[in-house]
Amino acid sequence: MTPPQRILFPPENICMDWLHTRRPGPGLRNLGSTCYVNVILQCLTYTPPLANYLLSRQHSQSCRQQVFCMLCIMEDHVRKIMYSLANAILPRAVLKSLRFIGEFKPDLAGDAYEFLCCALSAMQNACLTGSRALDNSSQATTLIYQIFGGFLRSRVTCLRCQGVSDSYKAFLEVLLKIKAASSLTTILENFVKPRLVEGKQCVKCSRSRKKMIASKKITIHHAPRVLTLCLGRVDVQSSRKISQVVEYPECLDLQPYMSEAAGGPLLYSLYAVVVHSGETCLAGHFFCYIKASDGLWYKMDDEIMDDCDIHTVLGQQAYLLFYIR
């Protein structure tokens, strides 16, 4: 991995714990097909390091964007949520900017994972204003990457000479295949399990420079501060929804899935869950559970907000999981 030429946001400036304890904010109004937007806004709002930064207003005080800036929009949204006395609010600024965030329209249903990816990408672009000429490693040191970003390592080992070739890829979220797994730990074990590379997929050996049968293993090389996982519930072959319940823990140890096996536990705590209800992936409804700064869990279903316990949270048919170190 090439070291960054420049650090765009110092990691020591990130505060992982809530700076202030507040009551949970209001729910979000649904225009009829915008529940996929609402759940992601709620999960991002209750991501402590992101919320702490946005509430400080550091970005808007120096931003020079004239048309669209996702960080400015999120800053305004989080402040409204945290300081609002209303029962529910309509995230107007976000909905008006859907076309800038991605290929979304307020009157058409969308996917929560797709919106999350686009929202993070839009915030990343806001961080890169004036810095796009920098190398890729430097671009992965923005506020967004310092919070959500990590690196995957793909190691290809030639089965004839044991020659090794490594490549690295930055990520802001990880999409996981469910298959027949009944737990998140099994899914992660499958994710890092070595795979045989043969036939048309053969790659050139790093030593002989010839195509050889090889083993490929993907591991987490650099762990993010906030780990966002998507349990892929679309069956690629049939396009049907995979509705099985997958068990996931409140506390997750990521160490077994890292590139380096040495070291103590790498612990993460669950703080948000997005659930999709419905028979198919193309229709249905999204709602979420979040852990607020008061340490309590709440169910956010558009305008409706109810308190709940961790047992209820862990018993859901989860689609997106948010963990924090």
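Bear in mind the structure is a predicted one, so any value in this text is a computation, not a measurement.

K.L.:
What's the story with the overall build of the chain in this structure? I'm lost.
P.N.:
Counting secondary structure elements, the chain contains 10 helices and 16 strands. Computed over its C-alpha atoms, the radius of gyration of the chain comes to 21 Å, within 12% of the 20 Å expected for a compact globule of 325 residues. Seen along its three principal axes, the alpha-carbon backbone of the chain occupies a region of about 65 × 45 × 40 Å. Summarising the internal contacts of the chain: among those between residues at least 6 apart in sequence, 68% fall at separations of at least 24. Summing over all exposed atoms, the chain offers an accessible surface of approximately 16300 Å²; the carbon and sulfur share of this is 50%. Averaging the locations of the 36 positively and 26 negatively charged side chains of the chain gives two centres separated by 10 Å.

K.L.:
Where do I start with the environment of Ile-290 in this structure?
P.N.:
With respect to the secondary-structure elements, Ile-290 resides in strand 13 (residues 285-291). Placed 181 residues apart in sequence, Ile-290 and Ala-109 show a C-alpha to C-alpha distance of 22 Å.

K.L.:
What am I meant to see in the pattern of salt bridges here?
P.N.:
Pairing of side chains with opposite charge becomes possible as their charged atoms draw close. A complete count under the given rule lists 3 salt bridges for this structure. The partner of Asp-76 in a salt bridge is Lys-80, with the nearest N and O atoms 3.4 Å apart. Here Asp-76 pairs with Lys-80, and both are found in helix 3 (residues 70-83), just 4 residues apart, close to one helical turn. Arg-155 serves as the salt-bridge partner of Asp-166, at 2.8 Å between the closest nitrogen and oxygen. In this pair, Asp-166 sits in strand 4 (residues 164-171) while Arg-155 sits in strand 3 (residues 150-158), placing the two residues 11 residues apart along the sequence. The exposure class assigned to Arg-155 is partly exposed, which follows from its relative accessible area of 29%.

K.L.:
I'm lost on the sheet that holds strand 9 (residues 214-222) in this one. Help?
P.N.:
Picture the strands of a sheet paired through backbone hydrogen bonds; they go either parallel or antiparallel. Taking strand neighbours across the sheet as the criterion, the 4 strands line up as 4-3-9-6 in an open arrangement whose pairing is antiparallel. Lying at the two open borders of the sheet, with one neighbouring strand each, are strand 4 and strand 6 (195-197). Neighbour-to-neighbour, the strand axes of this sheet turn through a mean angle of 30°, independent of strand direction. Pairing of strand 3 with strand 4, which is carried by 8 bridges, proceeds in the antiparallel orientation. Bridged to Thr-157 within strand 4 is Val-164.

K.L.:
Where do I start with the side chain of Gln-146 in this structure?
P.N.:
Positionally, Gln-146 belongs in helix 8 (residues 143-148). Gln-146 sits in the buried class, given a relative accessible area of 11%. Those residues in contact with Gln-146 that sit more than four places away from it in its chain are Ile-7, Phe-9, Pro-11, Ile-14, Thr-141 and Arg-225.

K.L.:
Got a minute to help me understand a positive patch on the surface in this structure?
P.N.:
A cluster of basic residues, Lys-177, Lys-179, Lys-193, Arg-195 and Lys-216, forms a positive patch at the surface. Note that Lys-216 resides in strand 9.

K.L.:
What exactly am I supposed to notice about the packing of helix 3 against helix 6 (residues 112-127) here?
P.N.:
To characterise two packed helices, one gives the angle between the axes of the helices and the distance between these axes. With their axes 7 Å apart at the nearest point, helix 3 and helix 6 run at an angle of 115° to one another. Considering their axes alone, helix 3 and helix 6 lie roughly perpendicular with respect to each other. Facing Met-70, Leu-71 and Met-74 of helix 3, the residues of helix 6 in contact are Ala-119, Ala-122, Met-123, Ala-126 and Cys-127. Across the contact of helix 3 with helix 6, the residue classes tally to 8 nonpolar, no polar and no charged.

K.L.:
What is the right way to read the packing of aromatic side chains from this model?
P.N.:
To describe a pair of aromatic rings, one takes the distance between the centres and the angle between the planes. Following the criterion strictly, the structure yields 8 aromatic pairs and no others. Arranged with centres 5.7 Å apart and planes meeting at 40°, the rings of Tyr-36 and Phe-104 form a pair that is tilted. In this pair, Tyr-36 sits in helix 1 (residues 35-45) while Phe-104 sits in the loop between helix 5 (98-101) and helix 6, placing the two residues 68 residues apart along the sequence. Here the aromatic residues Tyr-36, Phe-104 and Phe-115 are joined through ring pairs into a cluster of three or more. Lys-299 extends its terminal NZ or CZ atom over the ring of Phe-287, reaching a point 4.7 Å from the ring centre.

Conventions we followed
- Residues numbered from 1 in each chain as written.
- Predicted model: local features only at pLDDT ≥ 70, side-chain atom pairs only at ≥ 80, totals over all residues.
- Heavy atoms only, no water.
- Helix = DSSP H or I, 4+ residues; strand = E, 2+ residues; numbered from the N terminus.
- Rg over C-alpha atoms; globule rule 2.2 N^0.38 Å.
- Contact = heavy atoms within 4.5 Å.
- Areas by Shrake-Rupley, 256 points an atom, 1.4 Å probe, with all protein chains shown as cover.
- Lys, Arg positive; Asp, Glu negative; His and termini not counted.
- Charge placed at Lys NZ, Arg CZ, Asp CG, Glu CD.
- Salt bridge = Lys/Arg side-chain N within 4 Å of Asp/Glu carboxyl O.
- Buried < 20%, exposed > 50% of the residue type's maximum accessible area, 1.4 Å probe, protein only.
- Pairing = 2+ DSSP bridges.
- Axes fitted to C-alpha atoms, helices over the stretch in contact; angles between N-to-C directions.
- Patch = residues over 30% accessible without salt bridge, like charges linked within 9 Å, V, L, I, M, F, W, Y side chains within 5 Å.
- Parallel < 35°, antiparallel > 145°, perpendicular 65-115°, else oblique.
- Nonpolar A, V, L, I, M, F, W, Y, C, P; charged D, E, K, R; others polar.
- Phe/Tyr/Trp six-rings, centres within 6.5 Å; stacked < 30°, edge-to-face > 60°.
- Lys NZ or Arg CZ within 6 Å of the ring centre and 35° of its normal.

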